[in-house]
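# Remarks on the overall topology
Here is how the chains run, residue by residue.
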Amino acid sequence: MRRRFVMLVSGLLVMSPLVPCFAATDAFDFYARGPYRPAVPRPSQLLGYEPGEFHTDFRGMERVITAIAQAAADRVRVIEYGQSYERRPLRLLIISSPENLNRLDEIRARIQKLADPRKLSSPDEAAEIIRTTPVIVWLNYANDGNESAAFEAAMQVAYHLAASEEPRTRELLERAIILLNPAHNPESHERFVAWYNAVAVGAEDRFAYEHNAPWGLSTNNNHYQIDLNRDALASTQVETQALMRAYLQWNPQVFVDHHGQTTTFFFPPAAAPVNANLPTAYHEWMDIFGRGNAEAFDRHGWAYFVRDVFDLFYPGYWDSWPSLNGAIGMTYETDGGGSRGLRWEREDGAVVTLRDGIAKHFVASLATVETAVRHRERLLQYFYDFKRTAIEEGARGPVRRFVLLPGNDPGRAAELVATLLRAGIEVQRAQEAFSSRAAYDYMSKKTTARSFPAGSFIVDLAQPQMRLAKALLEPEAQLDPEFVQRQLQIRERNERRGKNVPKERYEFYDVTAWSLPLAFGVEAYWTEDAPRVRAVSLTVDETGRVITSDDRQPIVSGGVIGGRATSAYLFTYETNAAARLAFALLKEGYKVAVSTRPLRADGRDFPRGTLVVPVERNPESVHERIAALARECGVTVYAASSAYTDRGDTGIGSPSVLPLRRPKIVVIVGEGVSVTSYGAIWFLFERRFGIPFIPMTLASLHRADIFRYDVILFPDGNPAAYQAALGDRGVERLKRWVNEGGVLIGIGGAAELFTRKGVELTTARVLGAEEETPAPSGSGAAASAQAQTAERATPPRPLPVPGAIMRATVDRHHFLTFGYDAEHLPVLVNSARFFARSRDGANVVTFEGKDLHLSGFIWPNNTVELLSGTAYLIHEPTGRGHVILYAQDPNFRLFWQGLTRLFLNSVLFAPSMR
């Protein structure tokens, strides 16, 4: 048995082996498939260590790929396809034979014709392209950058393809173009390896410090802690947007996303459910590639699994998104590296190493290219048929067209259009009114004849991207009935088990609803017909704005109407852009007020929540600055020449027009906080709205003078961890601070914190939360009967909802709903956390009645029945301050733009409502 000794490092116990870190388990030979070109340097020669001995940083990887590309210039080209938020270059290696590299533009043009069969002169041209064109295989690494074996494997694969003279490898280069992306998410990788290399001793003990990184250091996420492997749905991050542009330039037939760490290696076929928009032939391809990988792994005697966990339902993964573009998209998960570090002891005592994880990704990558080459013509035929049949099915299927209405917030609708355009989906804007004989309304779920105005956005499904467009836009994604039945059976078995018996896990891997029109809060319809409409095609410019394709004019504009104001400038709060403008003005020191009631000025009616910028209270510069900011934000601002109100009670100078404070905001970070919830707030504040804030741990909050701050915001997180970190003293300080005018905001688990015993910052309660019940009195049969009666009286608990969209009801007379005039609002329910209404506060957004379900899976006889009568948004006035609870995260993955102002209202308006 290996002897170990224990060292105390910075107060932490770590285990250090007395034997060399790398034992016989690391015998895999990366260089067995030679001979190799001597002029091409091995990664180990450049880095000074063998694969798996150390974690390579981004700079080291760049040194490797640059040297390989220079030494093998006849086989390798490197292009920069973008830049990360931390300004790291995102590079793509193009690896193929010299003959293919010399005609890259021609090959790419040929594939573009298959990607859009409307560009082909005839089916014979398609057949000729398929017969003579290399297959394009994209190998994607370090999407979840802290899953470190993928990053290391990328360098070994690049070297092998660039340097091997093995006949089999040369054949791969002749018949395929391999696009190798070594670092999809460089920030995630760099953050993790910088920490790991600084502390690691190579201990395999899973409780060693190196396997338990501090908060935020070992996450799958980018600079803003956004999960890039979920971001393909709405492409909110620059890394995603850059990757999509490169993807659509190359249109690969195979796309593999390399991850870790699972018990043993995973490769497809994927688990159920699989997105129903994929054709039947896709399932056959998953089996073909799965068997190809199995053959390669069986030669080494390596364990692996298929199906079981990783599904292909949510269209925002980097296997499902390529698949919906016509590729065979796949996820591979290796077992070594990442949080398992250099060495990790398995449950049975065996040790898995980083080198093991690298070796398996290396073998799977090459096996994938080999399978693709073996089936080159069939893959190209599948790709062509995928696009061709998409056009045909879109023209004759039950869903022919999606119609999106700009409504009161054309900017938000334009953001949705931009999301579609970035994904290569064709969108037009109608230049005339048109009608449909059968249009399905997303909110009412009713189909009627309907007319649509000029300016409506049209997505016709008779296009090559039909399947992706439908997956993103359809109101409800179809779940496999057998999969649903299996979950109901698991529920039945779980309900028969006693409370001390472990329950079976449900098989939902991610959310089951994501319909972008509902998430963006854009009025939408799908139609059974697609009559001809005079329309203009849209595109996005280099800044991301949506513009018309013909004259390249932006579809959303802003500015001041009415010239130079002498009384005030006014703009309604019906748009997300209006919030951006309000925060920009406050940040620059201008005085801004809000009308708490409908307002009348200069002969115009303005709704409650209208922002007022009084001329007399602002410097002379306000005139030019508001005009510039209005154009920049895309907001229409009205210049008022008089404060006189010709009718109505509320005018510019009314007491109902309240000045707004520029809030000083603290956002809690650190242990217990959901990194993705914090990340969404960070991105929203910094990138979309320019809102300054102070990230602060609870330990620092204990020491800080919290009475200097207006808002303290707790992201979603672990309520028990929050309470433990706050302690009784911290809770009491928060209560005093709120009483004196502070605004305390809790999301999800943090909202639950406010309901917990010992905190009790609200009279709301979480359904099913543990309540103290008196012990049964008496003895014998009487006590037993009493216990059984109490058990029967226990109310049913909500089952966890796997991301369903539900209809919520809005209190349109509360300041937290400024800017919302519709009675109902779609919201995401993504947990079992249902809040019974506040007894003493305002239940601002609630779930009323039984007509709640809009999209996604819900549990029969549980979800609707228990959700009805609960609250989504609660306002608890406390002294001069406010406690505000969001039952679910309104910023989920940054694409719930329909809820953005519902969230921002708590920081923009609440500090001024005293």
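Okay, so let's go over this structure. Remember, predicted model here, so these are calculated numbers, not experimental data.

Moving on to the pairing of strand S5 (residues 135-140). Counting buried residues along S5, 6 of its 6 residues qualify, which places the element largely inside the surrounding structure. Examined bridge by bridge, S5 and strand S7 (residues 254-260) share 4 bridges and lie parallel to one another. If you follow Asn 140 over to S7, its bridge partner there is Asp 257.

Now for the packing of aromatic side chains. In this structure the tally under the stated criterion is 61 aromatic pairs. Here the aromatic rings of Phe 267 and Phe 297 are separated by 5.6 Å at their centres, their planes lie at 75°, and the arrangement is edge-to-face. Pair noted here: Phe 267 is in the loop between strand S8 (265-266) and helix H10 (280-300) and Phe 297 is in helix H10, with a separation of 30 residues, a long-range link. Looking at Phe 267, the relative accessible area reads 0%, which means it is buried. Considering the side-chain rings of Phe 297 and Trp 302, the 5.2 Å spacing of their centres and the 80° angle between planes classify their relative orientation as edge-to-face. With respect to burial, Phe 297 and Trp 302 carry one shared label: buried. Grouped by ring-pair contacts, the aromatic residues Tyr 85, Trp 215, Tyr 224, Tyr 678, Trp 682, Phe 683, Phe 685, Phe 693, Tyr 886 and Phe 903 constitute a single cluster. Residue placement shows Arg 893 over the ring face of Tyr 314; its charged tip is 5.0 Å from the ring centre.

A word on the pattern of salt bridges. Counted according to the given criterion, the structure contains 57 salt bridges. Between Glu 732 and Lys 735 there is a salt bridge, with its nearest N and O atoms 3.9 Å apart. Remark: Lys 735 and Glu 732 occur in helix H22 (residues 719-739); sequence separation between them is 3 residues, near one turn of the helix. Given the relative accessible area of 40%, Glu 732 is considered partly exposed. Owing to a relative accessible area of 22%, Lys 735 belongs among the partly exposed residues under this scheme. Linking Arg 839 and Asp 840 is a salt bridge whose minimum nitrogen-to-oxygen distance equals 3.5 Å. By the burial criterion, Arg 839 is exposed, and Asp 840 matches it.

Another point: the environment of Gly 741. For Gly 741, the position within the fold is in the loop between H22 and strand S32 (743-747). The class for Gly 741 is buried, based on a relative accessible area of 3%. On a C-alpha basis, the gap between Gly 741 and Asp 710 in space is 7.5 Å, while along the polypeptide they are 31 residues apart. Those residues in contact with Gly 741 that sit more than four places away from it in its chain are Arg 880, Gly 881 and Arg 914.

Counting 287 residues, the largest nonpolar core has Phe 685, Phe 714, Phe 895 and Leu 904 as its most contacted members. Of all the elements, helix H6 (residues 149-163) adds the most residues to this core, at 12 residues. Of all hydrophobic cores here, the second largest spans 10 residues; its members include Leu 570, Ala 593, Val 612 and Ile 652.

Pairs of packed helices are described in terms of their axes, by the angle between the two and the distance that separates them. In the contact formed by helix H4 (residues 104-115) and helix H9 (residues 238-250), the axes pass within 8 Å of each other and the chain directions differ by 90°. Judged by the inter-axis angle, H4 sits roughly perpendicular to H9. From H4, Leu 104, Arg 108, Ile 111 and Gln 112 reach across to H9, where they touch Leu 248, Gln 249 and Trp 250. By residue class, the composition of the contact of H4 with H9 is 4 nonpolar, 2 polar and 1 charged.

Definitions and limits used
- Residues numbered from 1 in each chain as written.
- Predicted model: local features only at pLDDT ≥ 70, side-chain atom pairs only at ≥ 80, totals over all residues.
- Heavy atoms only, no water.
- Buried < 20%, exposed > 50% of the residue type's maximum accessible area, 1.4 Å probe, protein only.
- Helix = DSSP H or I, 4+ residues; strand = E, 2+ residues; numbered from the N terminus.
- Pairing = 2+ DSSP bridges.
- Phe/Tyr/Trp six-rings, centres within 6.5 Å; stacked < 30°, edge-to-face > 60°.
- Lys NZ or Arg CZ within 6 Å of the ring centre and 35° of its normal.
- Salt bridge = Lys/Arg side-chain N within 4 Å of Asp/Glu carboxyl O.
- Contact = heavy atoms within 4.5 Å.
- Core = buried A, V, L, I, M, F, W, Y, C linked by side-chain atoms within 4.5 Å.
- Axes fitted to C-alpha atoms, helices over the stretch in contact; angles between N-to-C directions.
- Parallel < 35°, antiparallel > 145°, perpendicular 65-115°, else oblique.
- Nonpolar A, V, L, I, M, F, W, Y, C, P; charged D, E, K, R; others polar.

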